[in-house]
Amino acid sequence: MPWTRLSLALLFAVSSLPTQARDYAYSDAHLHYVDFFQETAGMDALLKAMADNHIEHVMISGIPVAKKWHEDEPKRPRYYAGDDADAYWYSATDVIVAAAVNKLAPEQRRQLHPFLSGFNPNDKNSAAHIRRMLDLNPGLWQGIGEVFTRHDDLTALTAGDTPRANNEAMTRIYHLAAENDLPVMLHSNITSKRERNPLYLAEVEEPLRNHPHTRFIWAHGGTSKEIHRHQVQMDFLLPTLSRLLEAYPNLYIDLSWSMLTPYLLDDAGKPRAEWVKLVERFPERFMLGSDVVGRFNKLGKEMRRFDPFLDALPETVAHKVARDNFLSILPKTARDEVAR
């Protein structure tokens, strides 16, 4: 039957309607309750930011180091890179997180998923320390991390030896994590600022291979803003992550801010097709993180920055990445509590 002018007009009108925008509920898989001076805007500010921005769950951790205000510095630095003074390992960060979470009502606590981070990853005593912390607060801790190993200039500023993800101290921690059903969030840069190859990849791949019963969340997928300042984009990152995800079912990728650009989105803010395809191929292995540090006024903005990429995914996959995948890697007791 031939098209009438009316039917053609109706067809054009329908096709011109904007597509229905998706509404996402989020889980923030990477949030620091305190900053590098162990200070925080507080739990009320965090809970308000969550409620205002559809963030239903957060991974909440401290910062495993504290920045020193050196005697020779007349002005207190605002960030770890503010001057050349050291940072040092700071175990009390976990005490701060535990105290804040333990004050909450049960329904509020169900939204928060505390990870232990206050230990020295070079110290073979750290596994015993983590075990003590688990015993002091039974049922509180739901993961380990963010563990700082290769971490840009922070590595050079932190007192002591350079931490590696595959040293003997961390090996003990991975065994402990598997024993207690705890995921491990690991910050380990895939390369240095200058080398255009996966220089430090073996430091991550060795634990993945040797600890198949430990769930690893690779913070920022091995990227960092400092690497990008020197290299802009690592061409080897996509094929490397694709190979690792295929080989190691215990690997999960935290898509926090340094992954957003230049990887997930191009310079115009459009999703990159090759990264969309990678997430579609492994729909349960990616999660979002804000990586905010002690202040929560920009929490919603950081999470919504991922919406253009989420919108390019099939809707079921997008909701997994936005919320569900983080919850799926938590200990079974925590997952059961969320499902109540």
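Conventions used here
- Residues numbered from 1 in each chain as written.
- Predicted model: local features only at pLDDT ≥ 70, side-chain atom pairs only at ≥ 80, totals over all residues.
- Heavy atoms only, no water.
- Helix = DSSP H or I, 4+ residues; strand = E, 2+ residues; numbered from the N terminus.
- Rg over C-alpha atoms; globule rule 2.2 N^0.38 Å.
- Buried < 20%, exposed > 50% of the residue type's maximum accessible area, 1.4 Å probe, protein only.
- Contact = heavy atoms within 4.5 Å.
- Areas by Shrake-Rupley, 256 points an atom, 1.4 Å probe, with all protein chains shown as cover.
- Lys, Arg positive; Asp, Glu negative; His and termini not counted.
- Charge placed at Lys NZ, Arg CZ, Asp CG, Glu CD.
- Core = buried A, V, L, I, M, F, W, Y, C linked by side-chain atoms within 4.5 Å.
- Pairing = 2+ DSSP bridges.
- Salt bridge = Lys/Arg side-chain N within 4 Å of Asp/Glu carboxyl O.
- pLDDT = per-residue confidence, 0-100.
- Expected span 1.5 Å × (residues − 1).
- Arc of directions from axis to C-beta.
- Polar contact = N/O pair within 3.5 Å; in protein donor to acceptor, adjacent residues only side chain to side chain.

(A) Geometry of the overall build of the protein chain. Scanning the protein chain from terminus to terminus reveals 16 helices and 10 strands. Taking 340 residues into account, the globule formula puts the C-alpha radius of gyration at 20 Å, and the protein chain, at 21 Å, falls close to it. Principal-axis analysis of the C-alpha atoms gives the protein chain an extent of 80 × 50 × 45 Å. Burial statistics for the protein chain: of 340 residues in total, 53% are counted as buried. In the protein chain, of all internal contacts separated by at least 6 residues, the share reaching a separation of at least 24 is 80%. A total of about 16100 Å² of accessible surface is found on the protein chain, and carbon and sulfur atoms cover 51% of it. A distance of 2 Å separates the average location of the 40 positive side-chain charges in the protein chain from that of its 45 negative side-chain charges.

(B) Representation of the nonpolar core. Ranked by size, the top nonpolar core spans 88 residues in total, and within it Met-43, Leu-46 and Ile-60 carry the most contacts. Other than its neighbours up to four places away in sequence, Leu-46 contacts Leu-31, Tyr-33, Ile-60, Leu-112, Phe-296 and Leu-299. By size, the runner-up hydrophobic cluster in this structure holds 13 residues, among which are Ala-29, Phe-326, Ile-329 and Ala-334.

(C) A look at the pairing of strand 6 (residues 143-148). Burial analysis of strand 6 places six of its six residues in the buried class, the great majority of the element. As paired strands, strand 5 (residues 112-116) and strand 6 are joined by two bridges and run parallel to one another. Residue pairing across strands places Leu-116 opposite Ile-144, the latter belonging to strand 6. Of the strand pairs in this sheet, strand 6 and strand 7 (residues 184-187) are connected by three bridges, and their pairing is parallel. Paired with Ile-144 across the two strands is Val-184, which belongs to strand 7.

(D) Here's a closer look at the pattern of salt bridges. Applying the stated criterion across every chain, the model contains 20 salt bridges. Residue Glu-168 is joined to Lys-124 by a salt bridge in which the shortest nitrogen-to-oxygen separation is 3.5 Å. You can see Glu-168 sitting in helix 7 (residues 168-179) and its partner Lys-124 sitting in the loop between strand 5 and helix 5 (126-136), a full 44 residues away along the chain. Between Glu-168 and Arg-172 there is a salt bridge, and its shortest N-O distance comes to 3.7 Å. Residue Glu-168 and its partner Arg-172 are both found in helix 7; the two are separated by four residues, about one turn of the helix. Glu-168 sits in the partly exposed class, given a relative accessible area of 46%. Accessibility expressed as a relative area gives 40% for Arg-172, which makes it partly exposed. One network of salt bridges, with partners in common, ties together Glu-56, Arg-323 and Asp-324.

(E) A look at the confidence of the model for the protein chain. Overall, the predicted model of the protein chain reaches an average pLDDT of 93, with 94% of residues at or above 70. Low pLDDT, under 50, characterises residues 10-18; the stretch is placed with zero contacts to residues that sit more than four places away or in other chains.

(F) Quick look at helix 7. Between its first and last C-alpha, helix 7 extends 17 Å over 12 residues, near the 16 Å set by a 1.5 Å rise per residue. Within helix 7, burial applies to Ala-169, Met-170, Ile-173, Tyr-174, Leu-176 and Ala-177. Along the long axis of helix 7, the arc covered by the buried residues comes to 165°, so they all point the same way. On its buried side, helix 7 packs onto helix 5, strand 6, strand 7, helix 8 (201-210) and strand 8 (216-219). Between a side-chain oxygen at the N-terminus of helix 7 and the backbone nitrogen of Ala-169 the separation is 3.3 Å; the capping residue is Asn-167. Asp-181 occupies a position one or two residues after helix 7 and carries a positive phi of about 60°.

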